[in-house]
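One-letter residues, chain by chain:
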Amino acid sequence: MDKLIITGGVPLQGEIRISGAKNAALPILAATLLADGPVKVGNIPHLQDITTTMELLGRMGVELVVDERMNIEVDCSTIRELFAPYDLVKSMRASILVLGPMLARFGEAVVSLPGGCAIGSRPVNLHIEGLVKMGADVHVEGGYIHAKARRLKATRLVMDLVTVTGTENLMMAATLAEGTTVIENAAREPEVVDLANCLNAMGAKVSGAGSDSISIEGVDALFGTRYDVLPDRIETGTYLAAAAITGGHVRIKDTQPRMLEAVIEKLREAGASVEVGDRWIELDMNGSRPRATNIRTSPYPAFPTDMQAQFTSLNVVSDGTGTISETVFENRFMHVHELQRMGADIQLEGNTAVIRGVNRLTAAPVMATDLRASASLVLAGLVAEGDTVVDRIYHIDRGYESIEEKLAKLGARIRRVPA
Ligand code: EPZ
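Residues numbered from 1 in each chain as written. Predicted model: local features only at pLDDT ≥ 70, side-chain atom pairs only at ≥ 80, totals over all residues. Heavy atoms only, no water.

### Description of the overall build of the protein chain
The helix and strand tally for the protein chain stands at 14 helices and 24 strands. Relative to the globule expectation of 22 Å for 419 residues, the C-alpha radius of gyration of the protein chain, 21 Å, shows essentially globular dimensions. Residue burial in the protein chain is summarised as follows: out of 419 residues, 56% are buried. Pairs at least 24 apart in sequence give 73% of the contacts found in the protein chain among residues at least 6 apart. About 15800 Å² of surface is accessible on the protein chain, with carbon and sulfur atoms providing 48% of the total. Charged side chains of the protein chain number 42 positive and 52 negative; the gap between the two group centres comes to 1 Å. (Helix = DSSP H or I, 4+ residues; strand = E, 2+ residues; numbered from the N terminus. Rg over C-alpha atoms; globule rule 2.2 N^0.38 Å. Buried < 20%, exposed > 50% of the residue type's maximum accessible area, 1.4 Å probe, protein only. Contact = heavy atoms within 4.5 Å. Areas by Shrake-Rupley, 256 points an atom, 1.4 Å probe, with all protein chains shown as cover. Lys, Arg positive; Asp, Glu negative; His and termini not counted. Charge placed at Lys NZ, Arg CZ, Asp CG, Glu CD.)

### Considering the state of the cysteines
Under the definition given, this model contains zero disulfides. Here Cys 76 is not cross-linked by a disulfide; its sulfur's nearest cysteine counterpart is in Cys 198, at 13 Å. On the basis of relative accessible area, Cys 76 is assigned to the buried category, the value being 2%. (Disulfide = S-S within 2.5 Å.)

### With respect to the sheet that holds strand S3 (residues 39-42)
The mixed open sheet is built from four strands, whose spatial order is S4-S5-S3-S14. Among the strands making up the open sheet, the edge pair consists of strand S4 (63-66) and strand S14 (226-228). Looking at each pair of strands side by side, their axes are set apart by 20° on average, direction ignored. In this structure, S4 lies alongside strand S5 (residues 72-75), joined through four bridges in antiparallel fashion. (Pairing = 2+ DSSP bridges. Axes fitted to C-alpha atoms, helices over the stretch in contact; angles between N-to-C directions.)

### Observations concerning the pattern of salt bridges
Inspection of every chain in the model, using the stated rule, returns 25 salt bridges. Salt-bridge contacts for Glu 217 lead to Lys 205; the nearest nitrogen and oxygen are separated by 3.9 Å. Of the two residues, Glu 217 sits in strand S13 (residues 213-217) while Lys 205 sits in strand S12 (residues 205-207), which places them twelve residues apart along the sequence. One salt bridge connects Glu 282 with Arg 251, and the closest N-O pair in it is separated by 2.8 Å. Taken together, the residues span a long stretch of sequence, with Glu 282 in strand S17 (residues 280-284) and Arg 251 in strand S15 (residues 249-253) at a distance of 31 residues. For Glu 282, a relative accessible area of 22% translates into the label partly exposed. (Salt bridge = Lys/Arg side-chain N within 4 Å of Asp/Glu carboxyl O.)

### Observations regarding the site of the ligand
Around the ligand lies a shell of 22 residues, among which Asn 125, Thr 163, Thr 165, Asp 306 and Val 328 are the nearest. Thr 163 places a polar side-chain atom, nitrogen or oxygen, 2.7 Å from an oxygen atom of the ligand. Contacts to the ligand include Arg 332, whose side-chain N or O atom sits 3.4 Å from an oxygen atom. Surface burial for the ligand is 87%, taken as the share of its 830 Å² of free accessible area covered by protein chains. If you list the elements that add at least two residues to the shell around the ligand, you get helix H1 (22-31), helix H5 (125-133), helix H6 (164-174) and helix H12 (371-383). (Near = heavy atom within 4 Å. Polar contact = N/O pair within 3.5 Å; in protein donor to acceptor, adjacent residues only side chain to side chain.)

### Describing the sheet that holds strand S20 (residues 345-349)
Taking strand neighbours across the sheet as the criterion, the four strands line up as S18-S19-S21-S20 in an open arrangement whose pairing is mixed. If you trace the sheet from one side to the other, it starts and ends with strand S18 (295-296) and S20, each paired once. Strand direction decides the pairing type here: S20 and strand S21 (residues 352-356), joined by five bridges, are antiparallel. Within S21, the position partnered with Leu 348 by the bridge is Ala 353. Packed on one face of the sheet, helix H10 (residues 308-316) meets S18, strand S19 (321-325), S20 and S21 and runs near 165° to S19.

### Notes on the nonpolar core
With 81 residues, the main nonpolar core has Leu 33, Leu 34, Ile 50, Leu 152, Met 171 and Leu 199 as its most contacted residues. A total of seven residues in this core trace back to one element, the largest contributor, which is H1. The residues contacting Ile 50, other than those within four sequence positions of it, are Ala 25, Leu 26, Leu 29, Ile 44, Pro 45, Met 70 and Ile 72. (Core = buried A, V, L, I, M, F, W, Y, C linked by side-chain atoms within 4.5 Å.)

Printed below as a string of structure tokens:
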């Protein structure tokens, strides 16, 4: 397995561009199954999860044409298998997103249960319950979800809790249902809005995306279109945190600042001066050490769980004591043990980490356990004394396009060594 070697001590300087959002591209690629004609999706990031999604669609018989700029044209008129196998779904849980579109468009679907992952059990009961309420006949057997529906029927769904992909799956299913579906307690993430915008470009009638109540008026068919995915707010936040932890000064381009208001607010609390434009964010620590902040993760627009690990690392070297409470996932502190090996002073109390800032971290061999934990170890490596070796970086390659190139462009001393 490839490793990343990072020699700490360089304040990041310069500017980088942000790639398309992984968590918007994945549902939008699944949504192409709903269209009668080819859908061309642009600004797709070059990531392992995208490759996995293309392999999944390809195995189903869907035609994919990819150009050198990672525009992907999907034509599902050649589809021959309504089946998502365990070996692919277990490597990428977001494969569950083909369930709703397949059922709505083709009337049946067999999709492997995703199973848990490092950060939690991550059930999909709310996806299934929503489809059953829309009239689908669903049973789980042999680790697979077997779903059938002649035509889904609109209904009012009140979600027990906020689920991003649950909202997305049910929104996609409702686009071809009979009648108008309302999803209450819906996820408000920008990626949900991006998916809704893409569905409407395909002829759907979705309104209210971005609020906690989404209305979808079913139509008879959706058609092909061209759609560009929005920028990745978590990639953006990760590089801003990298600049903050190293006391640097960076400009992030091709992003959307209004998607990160909670993160920008916390960076300012940590002592960063942050300027924003329509499509850029500039952060300057003015050479100062960050101040500790208190974080509590919650669904959008509150502080995102996907930025929790990065801010854990930031607090580790900040001035003062900060607490970080993780309310979304039950096991998202796997990075803490690795950070402690680098000299971090962190006490875990249930779903809260109490972090006393230290003046220095020392490099160590560390192991990535999940996508955002990996990013937090890279951030710690950027300030640790010596060479930090991050192992199992396939986790990182799932969600960060060319991370070592982008960090090196900002002056970091980082290199990838093949296993
Ligand atoms: C999406 O995962 C993201 N993935 C995650 O990003 C992100 O961390 C998460 O939303 C929260 O923002 C994609 O969009 C592909 P949830 P998702 O359903 O949809 C519970 C990353 O790093 N739940 O919003 O799987 C669940 O266990 C990834 O890019 C149920 O109980 O998350 C969790 O505690 C990691 N039953 C909570 O809801 C269900 O049927 C929120 O999960 C569904 C969810």
